[in-house]
Amino acid sequence: MSAVVETSAAPVARTGGFRWARFLRSPQGIVGLAVLAFVLAVALIGPLVAPHSLSAPVGVPASPPSPGFPLGTDYLGRDVLSRLLHGGTSVLVISCIATAFIYLIGIGVGMTAGLSRSIVDPVLMRIVDVFLVFPPLMLLLLLIAGAGTGVGILIVGIVLVLFPGVARIVRTATLEVSTTSYIEAAVARGERTLSTMRREVLPNITPAIIADVGVRFSAVIILAASVNFLGLGEKPPAANWGLMIAENLQIVSSNIWSVLAPAIMLALLTISINLLGDAYVRSLGRTEPPR
Amino acid sequence: MTATSTPQSALDLSGLTVRLTRGAEIVQDIDLHLAPGQILGIVGESGSGKTTTALSLLGFTSDGTEISTGSLQLGGSQVRIDDSLRSLRGSVISYVPQDPGRALNPSLRIADAITDVATAHSRDGDPHELVVRMLEAVGLPSAEEFRRRFPHQISGGQQQRVLIAMALVGDPTVIVLDEPTTGLDVITQKRVLSLLLRLRDEQQISMVYVTHDLAVVAQIADRIAVMYAGRVVEQGSLDKVLGRPRHPYTRGLLASIPDHARPRVLDAMPGIAVGVGERPTGCAFRPRCQLSVEQCAVEVPPLDPIEEGHEVRCFRYKQTLQINPILLQPQQNVGDRGRRTVLRVEGLRAEHMVHGGDPVVAAANVSFTVHAGACVALVGESGSGKTTIARAIAGLHPIARGRVLLGDEEVPSLARRRSVEQRRRIQLVFQSAAEALNPRRTVRDSIGRPAHVLRGMGRREVRSEVSRLLDSVRLPARIADRYPRELSGGERQRVAIARALAADPEVILCDEITSALDVSVQAAVLQVLNDLRRDFGLGLLFITHNVGVVATVADEVLVLQRGLICERGSTTEVLENPRDAYTQRLLSAAPSVVEVMEHWGIAEGTTPPA
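Remember, predicted model here, so these are calculated numbers, not experimental data.

Engineer: Give me the lowdown on the overall build of chain B, citing residues and values where you can.
Structural biologist: Along chain B, the regular secondary structure elements total 23 helices and 22 strands. Its C-alpha atoms give chain B a radius of gyration of 26 Å, near enough to 25 Å, the size a compact globule of 610 residues would have. Dimensions of chain B, computed from C-alpha atoms along their principal axes, come out at roughly 75 × 65 × 45 Å. Classification of the 610 residues of chain B by burial places 57% in the buried group. Surface exposure of chain B reaches about 24,300 Å², of which carbon and sulfur atoms provide 48%. Charge-centre separation for chain B: the mean point of 69 positive side chains lies 6 Å from the mean point of 70 negative side chains.

Right under this line is the structure:
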C-alpha cells in the first residue's frame, strides 16, 4: 500500500502567484487601466495637440467656456485647455520619480530594520521618527529656504516627507514574516541578507506595499500640488495641474473650469492608481491553506 | 413525526444531511444512537464532517451551511434541529469546544465565567455555592484564590476542566465534546479522560466525544462511529469496531496508528481524503480501497447491520477480514547498521534571554550521538526545551555551553559562521508545514534553492534534482509548479522533507513534523523517513511528544523534562522498562489502541473468525 500518493484535487483558481488573467478579469483592473490610459494620453500626447500657447494670453482673462476656448481662459487670459494638455507631463514625471524613491528608500530601510534583530533596528527607526515628527510643509519649506526652489529639491522634499510611513509599514510587515519557518530555513542555509529580502520577504510583503501605493501616490500628488500652490515648486508660466488650481482659485467664480478641469485630472490619476493597486492585490490570490 | 424512541435513549439522530447553502453536502445520512450514561466516539480525519455533525446536535450550523434533513430526539422527545434548540442548549444538551485557550473569555474570572452560564439558565440558588460545587465536580480546587483567577493564570488542562464545569451547570443529559484533549499533553489528557469517565458513571451523563484520535476514543468510548467523507462508514460498540473492524477505512486507520505498547510497522493507506464537493460517485473511499469492485463506483453502499450492534457501509465487508488484515508485524530496527557518527552533541546548554533578568535555561547538559542510518528521538512535553535543542544544533539559537560536532569537526554556534559544507550536512524540518514553505514560491523554487545554494547546482541540474527528490518522498513530479496553498498538509510536509534532502544532508532534525497531520498521513510520512534512512543512510533526530511515534521510528530515546535528560536508552529498553518516574508516567498515560484491540479479540498477524 505505498504507491505514489495521489495529490489533492485542490482548488487551483486562487494561488500564490500573480496572474494577468485574474488581474484583467477584475472590474478594478479594467477600469483602472482605462482611466490611467486616458490620463497618460492627455499628459503625453497633450502637448502635441494643444491648440494654443501655454504662456501667451489669448483672450479676456477669466472668461467662461466659448467655441474658441472650450474650457475658457485663466486669470491671465491664457487658454485653459492648452494649459491642461501641457500640464500633465511634469505632474506625472515628478510624482513617478518621487514615488519610486519613496519606495526604494522606504522598503530598504524597513526591511533592514525588520530583519536585523540588533541595534540596527532601533537606530534606523529613530532616524525615521525624526522625519516623521516634522510637519510635512515645514520640512519642505525649510528645505526650499535652505537649498532654493526647483524640481529636484521638490522631489527630495517629497521623498523625505513620505518615506518614513513606507519604512514603518514595511518594517511591521517584515517583522511578521521574519518569525516564519521559511525565513529560519533561509537563515539556516546561510542565505545572504539581500537574497533573503528579495526571495523570501519581499514577495510576502508585496500586498501590504501595493495596498499602500495608491494612498501614497495620491499624497505625493497632493503634496506637490500644495507646494506649487504656495508658489514654491515650479515657476509660472510652467503649466502644472497643481499650479493651475492654485493660480486660478481667485477666478473660480468667473470660470469654474479653470480649477475644476485640472482637479478632475488629478482625481482621475489618483483614482486609477488606487484601482490598479486594489486589482493587483486581489489578483495575487490567497496564500493561506484552505481550511 | 412522533416520538417513537424507547426511554433508554439519550439521543437519537437519523438521516442528518448538512450542505453548503448552495450545493454540495458536507455530511449525509448520519444516524447516531446514544443510550443514557454512554459515551459515543465520533472519529474521523480532517474534512470528514465530524465537527459539523457534532454541532448539528445542538442545532448549530456555521455560516454558509444549512441542515437540509434530519430528525433528532433528545431524551425521548422529538426536537427540531435548528435555532429553536437554543432553549435546550446547556440544560439538555451542552457543548465543550475545542481549544480551551481560546474558548474562555480572557477578561472573565473563572467564577464569573461559571456564574454567567448559571444566570443564562436562570438557575436559582446561591451562585457562590454553585461555583464551588461545579469546580469540585471537575476536580479543580474550589478555594477563593483559585476562583478569582483569570484563564491565563491556569494551565491548559485546568482551562479544559473549567469548560467542562460550564457545560455541567445546566444539568444536561448529553454533553458534546469537540476534540477536548487535542493540544493537551498525554498526562493531562489522561486526567481529563478519567474525569469524563467519572462524570459518566456518577451522574449518568451521556457524551458525544468528537476526535481524530482513535487511540483516545478506545480509552473511553462505549460506542464508536467512524466517519469518512461526510458519512458514517462503520458504527458499533467498542468491542465490535475495535475487535473486528470491517470497513477498509477503519482497518486502514487502525493500521496507521503508532503505538508505544505494541511497536509495529505502520501501513499507510494510499491517497488522501477527499474534500467537500469533490467526492466521487458511489463509495467515497473507493479510490483508496484495494477491495473495490464495479458496484462501489455506482452505488453508495448502505449502512448495513452485519451483526448485533455493528453496522458497516461496505459492499465487500465479508472479504475485508481475509484480504485486508491489519498488520501487527513488530517494528524492526532499521538503523544502527553503519556505526559512522554523523552528529555528536556534547554537553549542550541553551538559554533564552530575558529582558532585564537572568537567562532562562531551555536545555542543559544534553549529549547524544546520531549514527548514519539511525534515529534518535527526543521526547518531552511542550516547554521541555526540545525545539530549542534542534534550533541550536541547526545554528538558529546560540549555544551557551557545549559543542556540536559533525563527524569529528566542531561547528560554530551560529549558522552564518558555519561553512557551506557544514550547513549542508545538517538540515532542519519544521513543525508547521504550512509555515515552513514560502507561500509565494512554487514547490520547485522551494526545493531547488538549497540544491543551488548549498550544492552549487545549475538551473538544469536543479530541475532534474527536484523531480528526483519529489519521487523520493513519493510525490508526483507535476506538483513542482504548484504553490504551497494548493497542497494538502501531508503533501506540504513531504515537500519540506524534500527541501531538506535537497542539501544532500547527513542528518535531518525533525521537529514535531507529524504532530499536525492526520494519522493516515502521518503514517505515510513516517514510512518515507524510514525508507530514506534505509536507502541513503540518513541520520535522524526526531523530536516529538508522541511516544507512539517514537516506538515506530526511533532506535534510541532521550526523555527530556524541563531541559534536562531524565532517561535515555534504546527504544525497546525505555518503552518496556522505564526507570525514571517521569518516563513511567508518560508511558502509562499514553493511550494504546492495539492493547484495546487485542483485548477485544484481534490477534497478531491473524484475524478473528467472522
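Engineer: Run through the overall build of chain A, naming residues and quoting values.
Structural biologist: In terms of regular secondary structure, chain A is built from 11 helices and zero strands. Counted from the first residue to the last, chain A has its helices and strands arranged as α-α-α-α-α-α-α-α-α-α-α. C-alpha extents for chain A along the principal axes are approximately 90 × 45 × 30 Å. For chain A, the proportion of its 291 residues judged to be buried stands at 49%. Partitioning the intrachain contacts of chain A with sequence separation of at least 6 by distance along the chain shows that 72% fall at a separation of at least 24. About 13,200 Å² of surface is accessible on chain A, with carbon and sulfur atoms providing 72% of the total. The average position of the 19 basic charges and that of the 14 acidic charges among the side chains of chain A differ by 4 Å.

Engineer: I'd love a proper account of the environment of Asp63 of chain B, names of residues and values included.
Structural biologist: Residue and element names in this part refer to chain B. Assignment of secondary structure puts Asp63 in the loop between helix H1 (50–56) and strand S4 (65–74). Residue Asp63 is classed as exposed on the basis of its relative accessible area, which comes to 80%. Each C-alpha atom of the pair Asp63 and Glu25 lies 14 Å from the other, and the pair is 38 residues apart in sequence.

Engineer: Which residues make up the packing of helix H7 (residues 186–203) of chain B against helix H22 (residues 581–589) of chain B, and what values do they have?
Structural biologist: All names here are of chain B. Between H7 and H22, the shortest axis-to-axis distance is 8 Å and the interhelical angle comes to 50°. As judged from the angle between their axes, H7 and H22 are oblique. Pair H7 / H22 crosses with left-handed handedness. Counted together, Val186, Ile187, Lys190 and Arg191 of H7 and Tyr582, Arg585, Leu586, Ser588 and Ala589 of H22 form the full contact between these two elements.

Engineer: Would you mind going over the sheet that holds strand S16 (residues 401–406) of chain B in detail, with residue names and values included?
Structural biologist: Residue and element names in this part refer to chain B. Spatial ordering of the open sheet is given by S14-S13-S16-S17, a layout of four strands whose pairing is antiparallel. Edge positions in the open sheet fall to strand S14 (360–371) and strand S17 (409–410), since each of these has one partner strand only. When strand S13 (residues 341–352) meets S14, the two strands line up antiparallel, connected through eight bridges. Each residue of the ladder has a partner; that of Thr341, found in S14, is His371. Strands in contact with helix H13 (residues 386–394) are S13, S14 and S16; relative to S13, the strand with the most contacts, it is inclined by about 115°.

Engineer: With reference to specific residues and values, describe the layout of surface pockets.
Structural biologist: Taking a probe equal in size to a water molecule and rolling it over the atoms shows the remaining empty space. Computed from the structure, the second largest pocket encloses a volume of approximately 840 Å³. Lining the second largest pocket are 25 residues, with Leu115, Ser116, Arg117 and Val187 of chain A together with Arg416 of chain B sitting closest to its centre. Broken down by secondary-structure element, the contributors of at least two residues to the lining of the second largest pocket are helix H4 (88–116), helix H8 (181–188) and helix H9 (193–229) of chain A. In the lining of the second largest pocket, the residues fall into eight nonpolar, 10 polar and seven charged.

Engineer: Tell me about the pairing of strand S18 (residues 426–429) of chain B, and name the residues and values.
Structural biologist: Along a regular strand, successive side chains alternate from one face of the sheet to the other. Residues and elements named next belong to chain B. A two-sided burial pattern is seen for S18, the buried positions comprising Ile426 and Leu428 on one face and Gln427 and Val429 on the other. The sheet contact formed by S18 and strand S19 (residues 507–511) spans four bridges and is parallel. Bridging across to S19, Ile426 finds its partner in Val507.

Engineer: Run through the pattern of salt bridges, naming residues and quoting values.
Structural biologist: All names here are of chain B. Scanning the entire structure with this criterion turns up 43 salt bridges over all chains. Taking the shortest distance from any N to any O, the salt bridge between Arg403 and Glu346 comes out at 3.0 Å. You can see Arg403 sitting in strand S16 and its partner Glu346 sitting in strand S13, a full 57 residues away along the chain. One salt bridge connects Arg455 with Glu465, and the closest N-O pair in it is separated by 3.0 Å. Of the two residues, Arg455 is situated in helix H16 (residues 443–455) and Glu465 in helix H17 (residues 459–472); the sequence distance between them amounts to 10 residues.

Engineer: Describe empty space enclosed by the protein, with residues and values.
Structural biologist: Under the definition given, this model contains 13 cavities of 30 Å³ or more. By volume, the largest cavity is sized at about 150 Å³. Forming the walls of the largest cavity are 13 residues, and the residues nearest its centre are Ala185, Ala188 and Arg189 of chain A together with Gln427 and Leu428 of chain B. Listed by contribution, the elements that provide at least two residues to the lining of the largest cavity are H8 of chain A together with S18 and helix H18 (489–501) of chain B. By residue class, the composition of the lining of the largest cavity is eight nonpolar, one polar and four charged.

Engineer: Give a detailed account of the side chain of Asp511 of chain B, specifying residues and quantitative values.
Structural biologist: Residue and element names in this part refer to chain B. Looking at the element boundaries, Asp511 is found in strand S19. Of the side chains bearing the opposite charge, Lys386 lies closest to the buried Asp511, which forms no salt bridge; the N-O distance is 6.5 Å. At a separation of 3.2 Å, a polar atom in the side chain of Asp511 contacts the side chain of Thr387.

Engineer: Give me the sheet that holds S4 of chain B: which residues, what numbers.
Structural biologist: Residues and elements named next belong to chain B. Spatially, four strands are ordered S2-S1-S4-S5 in an open sheet, and the strand pairing comes out antiparallel. Edge positions in the sheet fall to strand S2 (25–34) and strand S5 (77–79), since each has one partner strand and no second. For this sheet the average axis-to-axis angle between neighbouring strands, irrespective of direction, equals 5°. Taken together, the three bridges between S4 and S5 define a ladder with antiparallel strand orientation. Pairing of Leu72 across the sheet is with Val79, part of S5.

Engineer: Account for unusual backbone geometry, with residues named and values stated.
Structural biologist: Within the chain, Arg117 of chain A stands out as a residue other than glycine whose phi angle is a positive 55°. Topologically, Arg117 of chain A is positioned in the loop between H4 and helix H5 (120–133). Given a relative accessible area of 62%, Arg117 of chain A falls into the exposed group. With phi around 55°, Asp171 of chain B is a residue other than glycine that occupies positive phi space. Secondary-structure assignment places Asp171 of chain B in the loop between helix H6 (156–168) and strand S7 (174–178).

Engineer: Lay out the nonpolar core in plain terms, naming residues and giving numbers.
Structural biologist: Residue and element names in this part refer to chain B. Core analysis: the largest hydrophobic core is formed by 67 residues, its most contacted members being Ile164, Leu196, Tyr209, Ile224, Leu242 and Val593. Contacts of Ile164, omitting those with residues within four sequence positions, involve Val96, Val138, Val192, Leu195, Leu196 and Leu199. Within the second largest apolar cluster, 59 residues are counted, among which are Val186, Leu437, Ile513 and Val574.

Engineer: Describe H6 of chain B, and please don't skip the residues or the numbers.
Structural biologist: Residue and element names in this part refer to chain B. Its 13 residues place the ends of H6 19 Å apart at the C-alpha level, agreeing with the 18 Å of an ideal helix rising 1.5 Å per residue. With 10 of its 13 residues buried, H6 lies for the most part within the structure. Of the positions making up H6, those classed as buried are Gly157, Gln159, Gln160, Arg161, Val162, Leu163, Ile164, Ala165, Ala167 and Leu168. Summarising the contacts, the buried residues of H6 are in contact with strand S6 (93–96), helix H2 (100–103), helix H3 (110–120), helix H4 (127–137), S7 and H7.

Engineer: Could you give an account of the environment of Arg340 of chain B, naming the residues involved and the relevant values?
Structural biologist: Residue and element names in this part refer to chain B. Mapping Arg340 onto the fold places it in the loop between helix H12 (317–323) and S13. It is 9.9 Å that separates the C-alpha atoms of Arg340 and Gly539, two residues lying 199 residues apart in sequence. Arg340 has contacts with Val370, His371, Ala372 and Glu506, leaving out every residue within four places of it along the chain.

Engineer: Which residues make up a nonpolar patch on the surface, and what values go with them?
Structural biologist: On the surface, a cluster of nonpolar side chains totalling about 460 Å² of accessible area is made up of Leu249, Val252, Ile256, Trp257, Leu260 and Ile264 of chain A. In this fold, Val252 of chain A is placed in the loop between helix H10 (241–248) and helix H11 (257–284).

Basis of the calculations
- Residues numbered from 1 in each chain as written.
- Chains lettered and ligands numbered in written order.
- Predicted model: local features only at pLDDT ≥ 70, side-chain atom pairs only at ≥ 80, totals over all residues.
- Heavy atoms only, no water.
- Helix = DSSP H or I, 4+ residues; strand = E, 2+ residues; numbered from the N terminus.
- Rg over C-alpha atoms; globule rule 2.2 N^0.38 Å.
- Buried < 20%, exposed > 50% of the residue type's maximum accessible area, 1.4 Å probe, protein only.
- Areas by Shrake-Rupley, 256 points an atom, 1.4 Å probe, with all protein chains shown as cover.
- Lys, Arg positive; Asp, Glu negative; His and termini not counted.
- Charge placed at Lys NZ, Arg CZ, Asp CG, Glu CD.
- Contact = heavy atoms within 4.5 Å.
- Axes fitted to C-alpha atoms, helices over the stretch in contact; angles between N-to-C directions.
- Parallel < 35°, antiparallel > 145°, perpendicular 65-115°, else oblique.
- Left-handed = near helix turned anticlockwise from the far one by under 90°.
- Pairing = 2+ DSSP bridges.
- 1 Å grid on protein atoms, 1.4 Å probe; cavity = no way out; pocket = protein on both sides within 12 Å on 5 of 7 lines; lining within 4 Å.
- Points joined across faces, edges and corners; volume = space filled by probe spheres on them.
- Nonpolar A, V, L, I, M, F, W, Y, C, P; charged D, E, K, R; others polar.
- Salt bridge = Lys/Arg side-chain N within 4 Å of Asp/Glu carboxyl O.
- Polar contact = N/O pair within 3.5 Å; in protein donor to acceptor, adjacent residues only side chain to side chain.
- Core = buried A, V, L, I, M, F, W, Y, C linked by side-chain atoms within 4.5 Å.
- Expected span 1.5 Å × (residues − 1).
- Patch = residues over 30% accessible without salt bridge, like charges linked within 9 Å, V, L, I, M, F, W, Y side chains within 5 Å.

Everything listed here is a matter of coordinates, which is why it stays silent on function.
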